[in-house]
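Fold and geometry: a report
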Amino acid sequence: MFTHQQIVAALMWVAIIALILYRSARPQRTTVSRMWTYAILLMALGAFAIYGYERLSPAPAWQIVLAVILGIAAGIPVGMLRGHHTTVSATDQHGVMQLGPSWITALIYIAAFGARSVLRLAFPLHSALGTVVGDGALVFAIAIIGTTYWVVYRKYEALDHATEAAS
């Protein structure tokens, strides 16, 4: 009926969706430095993954560049939407913010990664085309997170400066 790999993949998706819903359902406290450190590490990991995919299934450089550009172009509006729907509050500590719970951001995230999965199923994994599509989808996800953090950071900075001016 189902292969072992299909069952494991389905269980992983259930776990990922549960984690996204859990994290989105409760407020989170984070620092500005932790947020940007996470984004930088994620970008470095993404670049390493793209390099690794390229070593396994080489594709023309122009196709990879195009996939990266398309991934960024598609991810930025989704990240802006996600950041817009994230509630941000300043705390009494400078550099620390409170992010509110949001089911909308969870749905945006799940839909974005669902679209990535559909693309990955539609194209052969170990082919040049599959590599390019996978690279574009990876950059898409990273662009969502980076843009979301930028929008959240801008919201926090506005609140932080308003708090300093009131003091």
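All of the points below concern the structure found in this document.

The rules behind each value
Residues numbered from 1 in each chain as written. Predicted model: local features only at pLDDT ≥ 70, side-chain atom pairs only at ≥ 80, totals over all residues. Heavy atoms only, no water. Helix = DSSP H or I, 4+ residues; strand = E, 2+ residues; numbered from the N terminus. Buried < 20%, exposed > 50% of the residue type's maximum accessible area, 1.4 Å probe, protein only. Contact = heavy atoms within 4.5 Å. Areas by Shrake-Rupley, 256 points an atom, 1.4 Å probe, with all protein chains shown as cover. Lys, Arg positive; Asp, Glu negative; His and termini not counted. Charge placed at Lys NZ, Arg CZ, Asp CG, Glu CD. Pairing = 2+ DSSP bridges. Axes fitted to C-alpha atoms, helices over the stretch in contact; angles between N-to-C directions. Core = buried A, V, L, I, M, F, W, Y, C linked by side-chain atoms within 4.5 Å.

1. Some thoughts on the overall build of the protein
Counting secondary structure elements, the protein contains 5 helices and 3 strands. Counting from the amino terminus, helix and strand elements in the protein follow one another as α-β-α-α-β-β-α-α. Along the three orthogonal principal directions, the C-alpha set of the protein runs to about 60 × 40 × 20 Å. Each of the 167 residues in the protein was classed as buried or not, and the buried ones make up 35%. For the protein, contacts bridging at least 24 residues in sequence account for 81% of all contacts bridging at least 6. Total accessible area computed for the protein in this model is approximately 10300 Å², and 73% of it derives from carbon and sulfur atoms. Side chains of the protein give 10 positive and 6 negative charges; the mean places of these two sets differ by 10 Å.

2. A look at the environment of Asp 135
Here Asp 135 lies in helix H5 (residues 128–166). For Asp 135, a relative accessible area of 0% gives the class buried. Separated by 11 residues in the primary sequence, Asp 135 and Gly 146 place their C-alpha atoms 16 Å from one another. Beyond its immediate chain neighbours, meaning those up to four positions away, Asp 135 contacts Ile 50, Tyr 53 and Ile 64.

3. Describing the sheet that holds strand E3 (residues 96–99)
One open sheet holds the 3 strands; their spatial order is E1-E3-E2, and the pairing between them is antiparallel. Of all strands in the sheet, those bounded by a partner on one side alone are strand E1 (28–31) and strand E2 (88–90). Adjacent strand axes in the sheet meet at a mean angle of 30° when their direction is disregarded. Relative to E3, E2 is paired through 3 bridges, and the arrangement is antiparallel. Paired with Val 88 across the bridge in E3 is Leu 99. Sheet strands in contact with helix H2 (residues 32–56) are E1 and E3, and its direction is about 80° off that of E1.

4. Here we look at the pairing of E3
Note: E1 against E3, 4 bridges, orientation antiparallel. Counted as the bridge partner of Thr 30 is Met 97 from E3. In textbook terms, the turn of a hairpin is the stretch between consecutive antiparallel strands, and for E2 and E3 this stretch comprises 5 residues, one of which, Gly 95, has a positive phi near 90°.

5. Some remarks on the nonpolar core
Judged by nonpolar contacts, the single largest core of 19 residues is most densely connected at Val 88, Met 97 and Val 152. At the level of secondary structure, the elements contributing two or more residues to this core comprise H2, helix H3 (61–84), E3 and H5. Top contributing element to this core by residue count: H5, with 8 residues. Setting aside chain neighbours within four positions, we find Val 152 in contact with Met 35, Gly 83, Thr 86, Val 88, Met 97 and Leu 99.

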